[in-house]
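# Results of the structural survey
Given next are the chains, with one letter for each unit.
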Amino acid sequence: QPEFRRFFNHLLARGLCPKLDANPFSSSDAAPRVEMSAKPAKQRLRLSQEQFWLIYNQAGEKYPFLQIAMAISLITTLRRGDICDLQFDEHVIGNLLRKQINKSHAQLSKEFERRGGHADPANLSWNLDKHPLLRQVINRARELSLSHQRCPSLLSHKYKRRYKSQHRSHPYQVLPKFLSDAFAEIRDETTDTNGKKLFADVQPKHRPTFHEVRSLAGDIYAAAGYSKAQIRELYAHTDESTTAIYLSGHGEKWQEIDIALPSGALGNEF
C-alpha cells in the first residue's frame, strides 16, 4: 500500500489521473480507499468416506481406471496430474513406487528463477512391501493395461473413439481432464441408499471434484493417529514463505513414505 500511495501521489501531482479526486490508497479517513479483500474461501463440498465408496462402486463398470485413480489418491494423496503421469516402467521400480511431485518441482523452479541456487523438491517413494493396499491397486492397473494393448500408464481406458493429443503417448492413456470429467460424470450419476442422487441439491460449481479425494485422505490419516507433520510430508506441500532452500547437487533425494493406512481405516475395500 505505501508503494501504491507514493505511485498515485506521483501521478496526481502531474495531473495524469484527472478522474481521481484523491489518492485511493491514502491513509486519510477523509479520502476514498481501496479495500483489500481476502481471497474467498473455497466453496466446494468435502467428500465423506460414505460418498467416496458410493462413487467408487458406481465407477466400476463404466470407468475401472477411475477406481484405480481414486484408490491411488486415497492411499498416497497424489494429485490428479501426478497420478495420470504414472508409468509402469518409469515409476514402478521393483518393490517401489516413486514419483517426483509435479507441483513441488514447478514451484521450486520459479523460486530458482527469482533467487538462484538449488533445492530439493519433493520426490516421494513408497515401499510396496509396507503398503500392500497400494501394491494391490497397482496389480489391478497392470491387469487393466493388458486388456488395453499393454498401455504403459497406470491409468488406461478404451475410448469409444480415438482422440488425438500430443500429450498422449498411447491411445488408451488417460489424461487429467478426462479423469476429472469422468469423476464428475459418475459423481452426478451416483445415488444414496434411498435412491436420491448424492449432490442433486448442490450447485455444480460447489460439488466435490476429484481433488477432494486428496483432502479426504488427509482426514483419514489424521483419524488414524498420524501427526500434521507426517501428513504434510505426505501431501508434499511446498510453502515458499517458510520452506528453506537447501544446497544440493548430489543427485535426486527420495523421501520414503512410512505412514500407511491401517486395516479397517477405510470402512470398505478396493
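What counts as what
- Every residue gets a number counted from 1 within its own chain, in the order that chain's sequence is written.
- Since the coordinates come from a predicted model, pLDDT governs what is reported: local features require at least 70, and pairs of side-chain atoms require 80 or more to be given and counted, while whole-chain, interface and lining totals use all residues.
- Only hydrogens and water are removed before side-chain values are computed, so all heavy atoms of the structure are retained for them.
- By the criteria applied, helices consist of DSSP H or I runs no shorter than four residues and strands consist of E runs no shorter than two, each listed in order from the N terminus.
- We call two residues contacting when some pair of their heavy atoms lies within 4.5 Å.
- Areas reported as accessible are Shrake-Rupley estimates using a 1.4 Å probe. Residue values count occlusion only from the protein chains shown.
- The span you would expect from a helix comes to 1.5 Å times its residue count less one.
- Think of it in three bands: residues with accessible area under 20% of the maximum for their type are buried, residues over 50% are exposed, and the middle band is partly exposed, with areas taken using a 1.4 Å probe on protein chains only.
- Directions drawn from the helix axis to the C-beta atoms are what define this arc.
- A strand pair is defined by DSSP finding two or more bridges across the two strands.
- Axis definition: a line fitted to C-alpha atoms, over the contacting stretch in the case of helices. Angles run 0 to 180 degrees between N-to-C directions.
- Classes in brief: Ala, Val, Leu, Ile, Met, Phe, Trp, Tyr, Cys and Pro nonpolar; Asp, Glu, Lys and Arg charged; the others, Gly included, polar.
- For this analysis, a salt bridge means a side-chain nitrogen from Lys or Arg found within 4 Å of a carboxyl oxygen belonging to Asp or Glu.

### With respect to the overall build of the chain
- Secondary structure assignment for the chain yields 10 helices and four strands.
- When the helices and strands of the chain are listed from N to C terminus, the series reads α-α-α-α-α-β-β-α-β-α-α-α-α-β.
- Within the chain, contacts between residues at least 6 apart in sequence are counted, and of these 64% link residues at least 24 apart.
- For the chain, the exposed surface amounts to about 16200 Å²; the carbon and sulfur share of it is 49%.

### Describing helix α8 (residues 176-189)
- Between its terminal C-alpha atoms α8 stretches 20 Å, which fits the 20 Å expected from 14 residues at 1.5 Å a residue.
- Residues of α8 that are buried include every one of Leu179, Ala182, Phe183, Ile186 and Arg187, and no others. With its buried residues spanning 130 degrees around the axis, α8 presents them on a single face.
- Among the structural elements, α2 (49-62), α3 (64-76), α4 (80-85) and α9 (211-223) are those in contact with the buried residues of α8.

### What to know about the environment of Leu54
- On the secondary structure map, Leu54 appears in helix α2.
- Distance from Leu54 to Thr193, taken between C-alpha atoms, is 9.1 Å for residues 139 residues apart in sequence.
- For Leu54, the residues in contact, after removing those within four places along its chain, are Thr190, Thr191, Asp192 and Leu198.

### Description of the sheet that holds strand β3 (residues 123-127)
- Across the sheet, which stays open at both edges, the four strands sit in the order β1-β2-β3-β4 with mixed pairing between neighbours. Edge positions in the sheet fall to β1 (92-93) and β4 (255-256), since each of these pairs with one other strand and no more.
- Note: strand β2 (residues 96-100) against β3, five bridges, orientation antiparallel. Each bridged residue has a counterpart across the sheet, and for Leu97 the counterpart in β3 is Trp126.

### Brief notes about the pairing of β3
- Of all five residues in β3, five are buried; the element is thus mostly enclosed.
- Of the two faces of β3, the one lined by Asn123, Ser125 and Asn127 and the one lined by Leu124 and Trp126 are each fully buried.
- Two elements, β3 and β4, share two bridges in a ladder whose sense is parallel. Each bridged residue has a counterpart across the sheet, and for Ser125 the counterpart in β4 is Glu256.

### Section: unusual backbone geometry
- If you check the backbone angles, Thr77 has positive phi at about 65 degrees while not being a glycine.
- Mapped onto the elements of the fold, Thr77 is located in the loop between α3 and α4.
- Exposure remark for Thr77: the relative accessible area of 1% places this residue in the buried category.
- Despite not being glycine, Arg150 shows a phi value in the positive range, around 50 degrees.
- Judged by its relative accessible area of 63%, Arg150 falls in the exposed class.

### Section: the packing of α2 against α3
- At a closest axis distance of 6 Å, the pairing of α2 and α3 adopts a crossing angle of 145 degrees. The segment α2 lies against α3, with Phe52, Ile55, Tyr56, Asn57, Ala59, Gly60, Glu61 and Lys62 engaging Pro64, Leu66, Gln67, Met70 and Leu74.
- Classifying every residue of the contact of α2 with α3 gives eight nonpolar, three polar and two charged.

### A closer look at the pattern of salt bridges
- Taken as a whole and assessed by the stated rule, the structure comprises 12 salt bridges.
- Between Glu185 and Lys62 there is a salt bridge, with the nearest N and O atoms lying 2.2 Å from each other. Taken together, the positions of Glu185 in helix α8 and Lys62 in helix α2 put the pair 123 residues apart, joining distant regions of the chain.
- Judged by relative accessible area, which is 26%, Glu185 ranks as partly exposed.

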